[in-house]
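Summary of structural features
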Amino acid sequence: MNEISSIINILFTIYYYMIIVYILMSWLPNLRENFIGELLGKLVEPFLTPFRKIIPPLFGTIDISPIIAIVVLRFAVGGLHSIVALIFG
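Let us look at the structure shown here. (Residues numbered from 1 in each chain as written. Predicted model: local features only at pLDDT ≥ 70, side-chain atom pairs only at ≥ 80, totals over all residues. Heavy atoms only, no water.)

This part takes up the overall build of the chain. A tally of regular secondary structure across the chain gives three helices and zero strands. Counting from the amino terminus, the chain carries its helices and strands in the arrangement α-α-α. Computed over C-alpha atoms, the radius of gyration of the chain comes to 15 Å, more than 25% over the 12 Å expected from 2.2 N^0.38 for 89 residues, which places it beyond the range of a compact globule. Overall, the C-alpha framework of the chain stretches about 50 × 30 × 15 Å when taken along its three principal axes. (Helix = DSSP H or I, 4+ residues; strand = E, 2+ residues; numbered from the N terminus. Rg over C-alpha atoms; globule rule 2.2 N^0.38 Å.)

Given below as structure tokens:
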């Protein structure tokens, strides 16, 4: 079970940093148009899009939906850990 929990934590950490990098890339002009930006967009945008539909930007420019998405992702990982603990003891 420890191996499965370690894999879950590693995957969560990788996806967490992918979201952070994608957010930081939005602050720099034309950075999302390169290969890495497009790849991160294809991997991160499907997760962020539902949150952006529900949570409007503050003051028209500040997008807090990635923060909420990271919190939800953290809860999902905690739930996944609980399910793994129930199944594998």
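Here we come to the packing of aromatic side chains. Enumeration over the complete set of coordinates arrives at four aromatic pairs. Pairing Phe12 with Tyr16 gives two aromatic rings, centres 6.0 Å apart and planes at 35°, and the pair type is tilted. Highlighted residues: Phe12 and Tyr16, both in helix H1 (residues 2-25), separated by four residues, approximately one helical turn. In this structure Phe12 comes out as buried when scored by relative accessible area, which is 14%. With 5.4 Å between their ring centres and 65° between their planes, Phe47 and Phe51 make a pair best called edge-to-face. (Phe/Tyr/Trp six-rings, centres within 6.5 Å; stacked < 30°, edge-to-face > 60°. Buried < 20%, exposed > 50% of the residue type's maximum accessible area, 1.4 Å probe, protein only.)

Following both chains from N to C, one finds H1 and helix H3 (residues 65-88) inclined at 170°, their axes separated by 11 Å at the closest point. If you check the angle between H1 and H3, you find them roughly antiparallel. Residues Ile4, Ser5, Ile8, Asn9, Phe12, Tyr15, Tyr16, Ile19, Ile20 and Ile23 of H1 touch H3, and the partners they reach there are Pro66, Ile70, Leu73, Arg74, Val77, Leu80, His81, Val84 and Phe88. When the residues that make up the contact of H1 with H3 are grouped by side-chain class, the tally is 15 nonpolar, three polar and one charged. (Axes fitted to C-alpha atoms, helices over the stretch in contact; angles between N-to-C directions. Parallel < 35°, antiparallel > 145°, perpendicular 65-115°, else oblique. Contact = heavy atoms within 4.5 Å. Nonpolar A, V, L, I, M, F, W, Y, C, P; charged D, E, K, R; others polar.)

To continue, consider the nonpolar core. Soluble globular proteins tend to bury their nonpolar side chains together. Membership of the largest hydrophobic core comes to 16 residues, with the highest contact counts inside it found for Ile19 and Val44. Here Ile19 is in contact with Val44, Phe47, Ile70 and Leu73, once residues within four sequence places are set aside. (Core = buried A, V, L, I, M, F, W, Y, C linked by side-chain atoms within 4.5 Å.)

This part covers the pattern of salt bridges. This structure, assessed with the given rule, holds two salt bridges. In this structure, Glu45 engages Arg52 in a salt bridge whose closest nitrogen and oxygen atoms are separated by 2.6 Å. The exposure class assigned to Arg52 is partly exposed, which follows from its relative accessible area of 29%. Note that Asp63 is salt-bridged to Arg52, the shortest N-O span being 2.9 Å. (Salt bridge = Lys/Arg side-chain N within 4 Å of Asp/Glu carboxyl O.)

Within the secondary structure, Phe51 is located in helix H2 (residues 35-54). Distance from Phe51 to Ser82, taken between C-alpha atoms, is 24 Å for residues 31 residues apart in sequence. Ignoring sequence-local partners within four residues, the contact set of Phe51 consists of Ser65, Ile68, Ala69 and Val72.

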